[in-house]
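# Working through the structure, step by step
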Amino acid sequence: MSEAFPLDETDRALLRALAEDATQSSGALGRRFGLSQPATWRRIKRLEQAGVLAGRRLDLDLKRLGFGVTVFLGIRLATKGRASLEEFERAVSAIPEVQTIEHILGVYDYRLRVAARDLPDFERVLRRRIMTLPGVGSVDANVMLSEERLPGPL
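Here the structure is a predicted model, which means the values were calculated and not measured.

## Observations concerning a nonpolar patch on the surface
Taken together, the side chains of Leu58, Leu60 and Leu65 present a nonpolar region at the surface, about 350 Å² in accessible area. Note on placement: Leu65 falls in the loop between α3 (37–49) and β1 (69–77).

Next comes the structure, spelled out in structure tokens:
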């Protein structure tokens, strides 16, 4: 396991601010934290080069895009050899409704986050796409009622 990258309080504050809104300019962040724009830019570049900032992404509002249902699936594979894991991961990655694929330890082998327009749409995805994946043994579903994003550990 690699050693944690050393962060000071300013780095942590910058990371929290960027996690909140990654579109903020280095000038705006600098004014917020009492730094010059070049000093802020250098800190952000240093964090990117160290791999602490692995990228920036947009958070899409799935409901506004017509995807009103999110379901978490626990998947148990019937067979658990290396080839079956890779085959399952390759196949499930091709399903556009699957937002995240997590290989986990415990009762399930995988945890999926699936977006669907509504429950009938989810049922279609489940029956026609997920249940037909190679190696699927059993599936447990949990429909998300609400979601609260909490700040990270910084």
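Continuing now.
## Overview of the side chain of Arg43
Within the secondary structure, Arg43 is located in helix α3. Among the polar contacts made by the side chain of Arg43, one reaches the side chain of Asp8 at a distance of 3.1 Å.

## With respect to the sheet that holds strand β2 (residues 98–103)
Spatially, β2-β3-β1-β4 is the arrangement adopted by the four strands of the open sheet, whose pairing is antiparallel. Since the sheet does not close on itself, it has two edges, and those belong to β2 and β4 (136–143), each with one partner. Between one strand and the next, the sheet's axes are offset by a mean angle of 20°, whatever the strand orientation. One ladder, built from seven bridges, connects β1 with β4; its direction is antiparallel. Paired with Leu73 across the strands is Ala141, a residue of β4. Here helix α4 (residues 82–93) sits on the sheet and contacts β1, β2, β3 (110–116) and β4; the angle it forms with β2, its principal contact strand, is near 165°. Packed onto the sheet, helix α5 (residues 119–130) meets β1, β2, β3 and β4 and runs at close to 25° relative to β1.

## Considerations on the nonpolar core
In this structure, Leu73, Ile75, Phe88, Val114 and Ile130 are the most contacted members of the largest nonpolar core, which totals 20 residues. Going through the elements one at a time, β1, α4, β3 and α5 are the ones with two or more residues in this core. In contact with Leu73, other than residues within four places in its own chain, are Tyr110, Arg111, Leu112, Val114, Phe122, Leu126, Ile130, Val139, Asp140 and Ala141. Within the second largest apolar cluster, eight residues are counted, among which are Leu15, Ala17, Leu18 and Ile44.

## Notes on the pattern of salt bridges
Using the criterion set out here, one finds 15 salt bridges in the structure. Notably, a salt bridge pairs Asp8 with Arg43, separated by 3.1 Å at the nearest N-O pair. Here the residue Asp8 occupies a position in the segment before α1 (9–20), and Arg43 occupies one in helix α3, the gap between them amounting to 35 residues. Residue classification places Arg43 among the buried positions, given a relative accessible area of 19%. With a shortest N-O distance of 2.9 Å, Arg127 and Glu123 are connected by a salt bridge. One end of the pair, Arg127, and the other, Glu123, are both in helix α5, four residues apart, so they sit about a helical turn from each other. Its relative accessible area of 57% is what places Arg127 among the exposed residues. Residue class for Glu123 comes out partly exposed when judged on its relative accessible area of 36%.

## A few points about α1
Under the 1.5 Å per step criterion, the end-to-end length of α1 is 17 Å for twelve residues, consistent within 8% with the ideal 16 Å. Within the span of α1, buried status applies to Asp11, Ala13, Leu14, Leu15, Ala17 and Leu18. In this structure, the buried side of α1 is in contact with α2 (26–33) and α3. The backbone nitrogen of Thr10 lies 3.1 Å from a side-chain oxygen of the residue at the head of α1, namely Asp8.

Conventions we followed
Every chain is numbered independently, its residues counted from 1 as its sequence is written. A pLDDT threshold of at least 70 governs which residues receive local features in this predicted model, and a stricter bar of 80 or more applies before side-chain atom pairs are shown or counted, although totals over entire chains, interfaces and linings include all residues. No hydrogens and no water enter the side-chain calculation; it runs on all heavy atoms of the structure. A patch consists of residues exposed above 30% relative accessible area that lack any salt bridge, with like charges linked at up to 9 Å and nonpolar side chains (Val, Leu, Ile, Met, Phe, Trp, Tyr) linked at up to 5 Å. Here the Shrake-Rupley method, with its probe set to 1.4 Å, supplies the accessible areas, and only the displayed protein chains count as covering residues. In what follows, salt bridge is the name for a side-chain nitrogen of Lys or Arg lying within 4 Å of a carboxyl oxygen of Asp or Glu. Secondary structure counts use DSSP, requiring at least four H or I residues in a row for a helix and at least two E residues in a row for a strand, with both numbered from the N terminus. Identification of polar contacts relies on pairs of N or O atoms within 3.5 Å, with a donor-acceptor requirement for protein atoms, meaning one able to donate a hydrogen and the other able to accept it, and with residues adjacent in sequence counted only if both atoms are side-chain atoms. At least two bridges found by DSSP between two strands is the condition for calling them paired. Note on definitions: angles span 0 to 180 degrees between N-to-C directions of axes, and those axes are lines fitted to C-alpha atoms, for helices only across the stretch in contact. Contacts are assigned to residue pairs with any non-hydrogen atoms lying within 4.5 Å of each other. Only buried residues count toward a nonpolar core, which is a set of Ala, Val, Leu, Ile, Met, Phe, Trp, Tyr and Cys residues joined through side-chain atoms within 4.5 Å. Exposure is judged per residue with a 1.4 Å probe applied to protein chains only, and the accessible area is read against the type maximum: over 50% gives exposed, under 20% gives buried, and values in between give partly exposed. A helix is expected to span 1.5 Å multiplied by its residue count minus one.

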